[in-house]
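# Inside the fold
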Amino acid sequence: MKLWNKYKVTSIPSLVFVDAATGKVVCRNGLLVVRDDPKGLEFPWGPKPFAEVVAGPLLRNNRQTTDISSLEGHYVGVYFSAHWCPPCRSLTRVLLESYRTVKESGQHFEMVFVSADRSEESFQQYFSEMPWLAVPYSDEARRSRLNRLFGIQGIPTLILLDAEGHMITRQGRVEVLNDPECRLFPWHPRPVLELSESNAVQLHEGPCLVLFVDTEEEGELEPAKELIQPIAEKIMAKYKAKEEETPLLFFVAGEDDMSDSLRDYTNLPEAAPLLTILDMSARAKYVKDVEEITPAVVETFVQDFLAEKLKPEPI
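Below you will find a few notes about this structure. (Residues numbered from 1 in each chain as written. Predicted model: local features only at pLDDT ≥ 70, side-chain atom pairs only at ≥ 80, totals over all residues. Heavy atoms only, no water.)

## Remarks on the layout of surface pockets
Quantified by volume, the second largest pocket comes out at close to 510 Å³. Of all the secondary-structure elements, those providing two or more residues to the lining of the second largest pocket are helix H2 (30–36), strand E5 (75–81), strand E6 (109–115) and helix H6 (140–150). Split into classes, the residues belonging to the lining of the second largest pocket amount to eleven nonpolar, ten polar and five charged. (1 Å grid on protein atoms, 1.4 Å probe; cavity = no way out; pocket = protein on both sides within 12 Å on 5 of 7 lines; lining within 4 Å. Points joined across faces, edges and corners; volume = space filled by probe spheres on them. Helix = DSSP H or I, 4+ residues; strand = E, 2+ residues; numbered from the N terminus. Nonpolar A, V, L, I, M, F, W, Y, C, P; charged D, E, K, R; others polar.)

Here it is in structure tokens:
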């Protein structure tokens, strides 16, 4: 389970290539590597710059073509989607509005559609709705390389890149749904999230600290966020410096249907405030039972979890 969590595995079979000398991930989507490069000509399959992988003609829905110069100096959304996928079509409708909102605000922003459609005809039908760019459907090798580059395990997925091609977030789908007015664009990761129906999917991506609070009074979530923000920022900075993914996400949860469903699913007590760490893939939970939750309590709880000093309870 530690390895499943470390490499964010959500489905099997899954093949991850790792540099044994450093422990860093070389490629998350090894199955595509095996399929695309059976003779190992591209070994050791390390990550390449986005500009190199996406290089080539890009389509507009009026059948004109452009190239990657259209992306220079822009934030870029790389959108993995398909017409046969109902959640994809729903997200595309939201994205159309978000795309226009960001462009109209004067931001340098472009998107590239990477299709997972099952035919050229389906691709053309779906792409005709989109005002952004696309990798040609016929260029299966380039579409596959982009899937490999970002370790895509499911659709829809929206990756956000900065103007240098560095990843800002792979949670573009959640960010767009949570921020329809695009006020937080380009959606840099926030240390602490308020649990909602749209971001609850992130609870399944690895261990998550969730602080449940009583929100009968308006604004009660802000003090809770301020309580855990310093440790969340410290953890993010530490692992970013090591070029590793953060091993723990941080949430605050109020009193609503989403929080009630999560408590019921994980069999948590009704107490508030309640400090927990939930590891859905390992079906394990850790509960801190104290009268008062302070920054020191949170810090010790997190450090003990990362040091594997805590005893899990089953979910």
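Once you've had a look at it, read on.
## Brief notes about the packing of helix H8 (residues 221–241) against helix H10 (residues 295–306)
Axis separation between H8 and H10 bottoms out at 8 Å; the angle between their running directions is 35°. The crossing of H8 and H10 is right-handed. When H8 is examined against H10, the residues Leu227, Ile228, Ile231, Lys234, Ile235 and Tyr239 are found in contact with a partner set consisting of Pro295, Val298, Glu299, Val302, Gln303 and Leu306. Split into classes, the residues belonging to the contact of H8 with H10 amount to nine nonpolar, one polar and two charged. (Axes fitted to C-alpha atoms, helices over the stretch in contact; angles between N-to-C directions. Left-handed = near helix turned anticlockwise from the far one by under 90°. Contact = heavy atoms within 4.5 Å.)

## Focus: the nonpolar core
Burial of nonpolar side chains together is a common tendency in soluble globular proteins. Counting residues in each nonpolar core, the largest one holds 26 residues, and the members touching the most others are Tyr79, Leu95, Met111, Phe113 and Trp132. Of all the elements, helix H4 (residues 86–104) adds the most residues to this core, at six residues. Filtering out sequence-adjacent residues up to four positions away, Phe113 remains in contact with Tyr79, Ser81, Phe123, Tyr126, Phe127, Met130, Trp132, Leu133, Ala134 and Val135. (Core = buried A, V, L, I, M, F, W, Y, C linked by side-chain atoms within 4.5 Å. Buried < 20%, exposed > 50% of the residue type's maximum accessible area, 1.4 Å probe, protein only.)

## Re unusual backbone geometry
For the bond from Ile12 to Pro13, the omega torsion is 0°, close enough to zero to count as cis. Looking at the element boundaries, Pro13 is found in the loop between helix H1 (2–6) and strand E1 (17–18). Cis geometry marks the peptide bond from Ala272 to Pro273; its omega dihedral reads 0°. Counting through the fold element by element, Pro273 comes out in the loop between helix H9 (257–266) and strand E13 (274–279). A positive phi angle, near 60°, is found at Trp45, a position not held by glycine.

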